[in-house]
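Structural overview
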Number of protein chains: 2
Amino acid sequence: MATIKDIGVGAAFNIVTATIFLLIFAFLRLQPINDRIFFPKWYLKGMRDSPSSAGAAVTKYVNLNVRSYLKFLSWMPAALKMPEEELIEHAGLDSVVYLRIYLTGLKIFVPITILAFAVLVPVNWTNDTLDDLKVVHSDIDNLSISNIPHGSKRFIAHLVMAYVFTFWTCYVLKNEYERVATMRLRFLASEKRRPDQFTVLVRNIPPDPDESVSELVEHFFLVNHPDHYLKHQTVYNANKLADLVEKKKKMRNWLDYYQNKLERKSKRPTTKTGFLGCFGSEVDAIDHCKSEIEKIGKEEAEERKKVMKDPKSIMPAAFVSFRSRWGAAVCAQTQQTSNPTLWLTEWAPEPRDVYWSNLSIPFVSLTVRRLIIGVAFFFLNFFYVIPIAFVQTLANLEGIEKALPFLKPLIESPPIKSFIQGFLPGLALKIFLIVLPTILMYMSQFEGLISQSSLERRTASKYFIFLFFNVFLGSIVTGSALEQLDTYLHASANDIPRIIGVAIPMKATFFITYVMVDGWAGVSLEILRIRAFVLYHLKNFFLVKTEKDREEAMDPGSICFYWSEPRIQLYFLLGLVYAAVTPLLLPFILVFFALGYVVYRHQIINVYHQRYESGAQFWPNVHLRIIVALIASQLLLLGLLSTKGLEEATPVLLVLPILTFWFHKYCTHRYKPAFVRNPLQEAMRKDTLEHAREPNFDLKSYLADSYLHPVFKSDHVD
Amino acid sequence: MATIKDIGVGAAFNIVTATIFLLIFAFLRLQPINDRIFFPKWYLKGMRDSPSSAGAAVTKYVNLNVRSYLKFLSWMPAALKMPEEELIEHAGLDSVVYLRIYLTGLKIFVPITILAFAVLVPVNWTNDTLDDLKVVHSDIDNLSISNIPHGSKRFIAHLVMAYVFTFWTCYVLKNEYERVATMRLRFLASEKRRPDQFTVLVRNIPPDPDESVSELVEHFFLVNHPDHYLKHQTVYNANKLADLVEKKKKMRNWLDYYQNKLERKSKRPTTKTGFLGCFGSEVDAIDHCKSEIEKIGKEEAEERKKVMKDPKSIMPAAFVSFRSRWGAAVCAQTQQTSNPTLWLTEWAPEPRDVYWSNLSIPFVSLTVRRLIIGVAFFFLNFFYVIPIAFVQTLANLEGIEKALPFLKPLIESPPIKSFIQGFLPGLALKIFLIVLPTILMYMSQFEGLISQSSLERRTASKYFIFLFFNVFLGSIVTGSALEQLDTYLHASANDIPRIIGVAIPMKATFFITYVMVDGWAGVSLEILRIRAFVLYHLKNFFLVKTEKDREEAMDPGSICFYWSEPRIQLYFLLGLVYAAVTPLLLPFILVFFALGYVVYRHQIINVYHQRYESGAQFWPNVHLRIIVALIASQLLLLGLLSTKGLEEATPVLLVLPILTFWFHKYCTHRYKPAFVRNPLQEAMRKDTLEHAREPNFDLKSYLADSYLHPVFKSDHVD
């Protein structure tokens, strides 16, 4: 049983760890050699150059200015200084609204923490139920709801607080939704002219024996949108071509590597032709690469010709552009023909945001894919332990000894043996959890979504469901989701909240540790950018020849919404669930949100480079998940109190989830359209304004190549 | 325990009853005096006149032609003769598609019945489990699934049949959905020019201090739809005025009544001024009516002036008409401003279909109303027994004797006493069940829907939910929905289908009787039109003076979709649930569907006059409810088989509801938009065609008064 002292020690340890990470970061970021790792955003903006080579060679790599080390925490206030307006300009709306998630966390939990410590902690503390019962308990439990005697009237305090917490959370959520919606609309309105404002993606164009896709599109829109149609761009199936281009690029990297090697060692490097360069006959590496590049180049040219000529490589989809934003808004929001599965129109995503390889999936296939992924995700969520347990049984000591007998003497030595025995069983699980977001991303891609942003949103939903069942409920009920599923099916609808609710106070210390280890340390590690650090220095050493190569070696990364957002949501869930049960958890959550806010603000200003801009389209999902967390917390409190001998509590608490659900419906109705549709009034206003300013603007040539597959574009650059 | 013989006797009895009803009908409809009751549709069409008064006085009232009595069933083939195309022309698409519900029933259940009798009945019959067990059972059970021994491999036949039934039902449903969607599109395309094709209803116009609603609307649409806007019609809050007009009309009826009375008795009739003419001072009835009419007339004129002048009586809503169908389609489908709760646009319902009194409800109020009705309906559904039980305790013998002591000697006499004791407790329940659809309709009206058709659809959904829980599940679990709710909350998710599933075979005879009494007799009563019959003759005797009065006394009625459709759905549910369990029920269902089809086809041809035409917009709801019935049948079979010792059955059957749900999603995606949105291509096609035919048509004057409140219109007629 962990006491408050234990928690204190744990907290101190974690604070020290986090501080060490931050110190390492503060040291590393001051070294000029790391400048491209910790400030890539400024390089991409063209506002920073590589350290001038005018000075001494040493200062090019190491910072010798002692003074700058003294201000090692100076990045923190710097990160907070930039005003929001400027930040939107600098990093886009997506990033700024992503920061608002942390801010929302602070807005929700600061008052809740203060209230909980002012009201609930004294109410819980001034009992001695647990001391009287002589059960094993820690002093943390004295602060929690467990310390209140059965049937006590003191539970009324918790009921009232549950109402206060709910209303406060809803109030904050409503304000935030309104604020973000306004920000989005202002952002869209203030935007400069962009191709996607005029363009609609048309899918499922029906085949026609007499006309090509291009002719068909032109005729259809000339007839049905005669005053507004401008031009269109058909979609090529260039997936194979894109693969070839990618392959050629890789081969060029190898060529650079070997040439660098030659320069240093003055001995011609060799390689093997087989798999991964490990098998097959030995050849001169540079010649091999050159011939390979030539071969791929030929293939590529052929494929390029084929794609351009072959009517089969033209997909039944097209990007149709209109003369005005009004025309595009109308086309995107209306149904074109009586068959709702043909001529589907939707807003074209930003050109950067398009997920090209999914553009060619037909409609029926889409629904089947969705069904398959639905079922697959269900099994992944509830049965993922089975394959892992299977791998674990294979990967035990005897198995390894049998497969690789020469390792036997090594494995048998006691320290290594115990290490393997302690470490191996968890290994498969750990690997699985690390690659899980990627697996989920592949599942979303298979579903056929057509923009990067929607892929990330869909993956985030899946990941949150997984975390909810396997991390949150899994830790409370202590059983795999599979065992839980069994419990849920066999327990009555009444009992499920009770079973989980009763276990909640007991798990408080576990979750406090979790918040520190996963939350605090995770955030501090994020700022160190270990992966980018290692990769950049490797590339810099092996591949970089010119300044342009260095530019390419730099990897600014981006906010991985699909795995980082669901993790934040887990803390919302923990905070809301424990607010009325064990308020001691709340300060730890607060530290997480505050630290996360500062760190991510710094990263967004200096590091990340978003791959696309969706205009905060993810906010409805964020809102929904906080609502889910809120309702879960209400139901679990209901379950917990139903065992405490206060029968009146149930109906009083049952009102809360209904009200919360209704609140969610209201918010969705009120604000969500701002994230989905484009109002005609705004479109018309921008059209009129622009027309007055530049009456002779040549829109057609402006839009000319904007929705060409990137493979064809990069070709022009080459 | 009912045996097959008992069922046979019951069936014979019910067939005789139904035949008697049909004979009475055949007799009554031949009498000229009833012509307006049984053929009002033809009068309204102007294709039939009152029997000529040229002949003998008697033949005006009684049919003396003996020959016509011999062909007393001739209406049946006549009802079936009219081809579908002509029927759409004659009675509208709504009615024809309503008939398709019965047809769908036949299409689904004829093959299922044949298959079930060919496969399942022999499989069930050739066992003697029940005979061996020596339990009390009837020979009906020998035909049902109960007769198969625990763990027998014969259950595989039921599994296979469950799959076959599901696939067949889905196949029929898909075809019907497709067919109805096509019919709707063809109907809409073939329609003549109608005001609603050009008109959009705009609601929640924000208040503006400087402009009136009318100016605001004009400016907004001139700016945002400059090429398409034509005119608009503001909405007046004329609810009070409509009440006055209604009151005046009633008073006129009374005046007619008293004048008729005077003519007959030549003694001036008197009435009392108080409540219902029962209390207060006695006055001359005719003078009283006249002065009342005059008074109301004055009030009405004042109110009319007030409504037209007072800006407060202009609601923030308007019917906006466009130059083309294309313009209206665009406006109805798009979002107008960045605030999605303002300037809400939707297709204007047909002028006849508008539910005027709900046009003025603001947006926030709407969501609150929906919440209130949601909660209220939940309580009505699960707790309706409580007030009824309360009324029942009041309405017992002692209660009556206490309240009305003078009745004591009458009540105490044995025959009356036993009658009251047997009848009274059920009376409150029966009255409740009769008025239930009306209560549900009021609830839907309170929710704020703005068209008659949507009101009917919403009410039908509520009524189906009520029937599902209280009639279907209530009869099986034998307990009020309240007790059921308790069971559901306390039983595990696994157990609920099992509890219900096990009880299903035992209730087969009950439901067979139910089908006969409620279904067969109900349909045969429908054709008799008892209520209309009585009312017409009363009116004819007391009120009618001129032929025009007789025209008004005639009440053709209409299909009451909101209470008749959910009842049909109950038979779908019974058929699907019992198809694999007790196939003996199926022929009874078939008779119901066949009889219903013929009777309603006759009524639609000769009687009903629809109050509006929604173009079969209700089909998605019909489809959804059959899907619900299908999934319920699968889950209940799953529950039943899980107790029969065949563990392998559960996963095999679990696939069915998932597939069915997916099928529903697919259908909704594929066909539903045809019922909700208006494709631009069709709109453009009609516009082009019309423009070519009548290039100089004056649309503005054509649309002039089409969306004026009916009160103002009837005024012009007066």
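Residues numbered from 1 in each chain as written. Chains lettered and ligands numbered in written order. Predicted model: local features only at pLDDT ≥ 70, side-chain atom pairs only at ≥ 80, totals over all residues. Heavy atoms only, no water.

For the rest of this paragraph, the subject is the overall build of chain A. Along chain A, the regular secondary structure elements total 35 helices and six strands. Buried positions account for 51% of the 718 residues belonging to chain A. Of the contacts formed within chain A by residues at least 6 apart in sequence, a portion of 81% connects residues at least 24 apart. On chain A, roughly 33700 Å² of surface is accessible, and the fraction owed to carbon and sulfur atoms is 64%. (Helix = DSSP H or I, 4+ residues; strand = E, 2+ residues; numbered from the N terminus. Buried < 20%, exposed > 50% of the residue type's maximum accessible area, 1.4 Å probe, protein only. Contact = heavy atoms within 4.5 Å. Areas by Shrake-Rupley, 256 points an atom, 1.4 Å probe, with all protein chains shown as cover.)

A separate point is the relation of the copies chain A and chain B. Each of the two chain copies can be brought onto the other by rotation about an axis and movement along it. With an RMSD of 0.1 Å, the operation that places chain A on chain B is a rotation of 180° combined with a shift of 0.1 Å along the axis. When the rotation and shift are considered jointly, the pair of chain copies conforms to a two-fold rotation axis. The fraction of interface residues of chain A whose copies in chain B are also interface residues reaches 100%, indicating that both copies meet through the same surface. (Least-squares fit on C-alpha atoms with pLDDT ≥ 70 in both.)

The next subject is the environment of Lys306 of chain A. Residue and element names in this part refer to chain A. Take Lys306: it is sitting in helix H15 (residues 285-309). On the basis of relative accessible area, Lys306 is assigned to the partly exposed category, the value being 46%. Sequence separation of Lys306 and Leu241 is 65 residues, and the distance between their C-alpha atoms is 9.8 Å.

So, about the packing of aromatic side chains. How two aromatic rings sit relative to each other is set out by the distance from centre to centre and by the angle between their planes. Within this structure, the stated rule accounts for 78 aromatic pairs over all chains. Ring geometry for Phe510 of chain A against Tyr514 of chain A: centres 6.4 Å apart, planes inclined by 35°, an arrangement best described as tilted. Residue Phe510 of chain A and its partner Tyr514 of chain A are both found in helix H25 (residues 508-528); the two are separated by four residues, about one turn of the helix. With relative accessibility at 38%, the residue Phe510 of chain A sits in the partly exposed group. Residue classification places Tyr514 of chain A among the partly exposed residues on the basis of a relative accessible area of 21%. On the basis of an interplanar angle of 45° and a centroid distance of 6.3 Å, the ring pair of Phe464 of chain B and Phe468 of chain B is categorised as tilted. Separated by four residues within a single helix, Phe464 of chain B and Phe468 of chain B lie in helix H20 (residues 452-477), roughly one turn from each other. With respect to class, Phe464 of chain B is no different from Phe468 of chain B; both count as buried. An aromatic cluster is defined as three or more aromatic residues linked by ring pairs; in this entry it consists of Phe378, Phe379, Phe382, Phe383, Phe464, Phe468, Phe469, Phe472, Phe510, Phe511, Tyr514 and Tyr578 of chain A. (Phe/Tyr/Trp six-rings, centres within 6.5 Å; stacked < 30°, edge-to-face > 60°.)

What follows deals with the pairing of strand E5 (residues 314-322) of chain B. Residue and element names in this part refer to chain B. Within E5, seven of the nine residues are buried, which leaves the element mostly enclosed by the surrounding structure. In this structure, strand E2 (residues 229-236) lies alongside E5, joined through six bridges in antiparallel fashion. Pairing of His232 across the sheet is with Val320, part of E5. (Pairing = 2+ DSSP bridges.)

Okay, the pairing of strand E5 (residues 314-322) of chain A next. Relative to E5 of chain A, strand E1 (residues 199-203) of chain A runs antiparallel, the two being bridged by four bridges. Paired with Thr199 of chain A across the strands is Ser321 of chain A, a residue of E5 of chain A.

A separate point is the sheet that holds E1 of chain A. Strand pairing within a sheet occurs via backbone hydrogen bonds; the two strands may be parallel or antiparallel. Residue and element names in this part refer to chain A. Within the open sheet, the four strands sit side by side as E2-E5-E1-E6. Their pairing is antiparallel. Bordering the open sheet on either side are strand E2 (229-236) and strand E6 (344-347), each of which pairs with just one other strand. Here the average twist between neighbouring strands, direction ignored, is 30°. Contacts between helix H13 (residues 213-224) and the sheet are confined to E1, E2 and E5, with E2 contributing the most and set at about 150° to the helix. (Axes fitted to C-alpha atoms, helices over the stretch in contact; angles between N-to-C directions.)

This part takes up the packing of helix H6 (residues 84-91) of chain B against helix H7 (residues 93-125) of chain B. All names here are of chain B. Here H6 crosses H7 at 130°, and the two axes come no closer than 7 Å. One finds that H6 runs oblique with respect to H7. In contact with Glu84, Leu87, Ile88 and Ala91 of H6, H7 contributes Leu93, Ser95, Val96, Leu99 and Arg100. Residue classes in the contact of H6 with H7 are distributed as six nonpolar, one polar and two charged. (Parallel < 35°, antiparallel > 145°, perpendicular 65-115°, else oblique. Nonpolar A, V, L, I, M, F, W, Y, C, P; charged D, E, K, R; others polar.)

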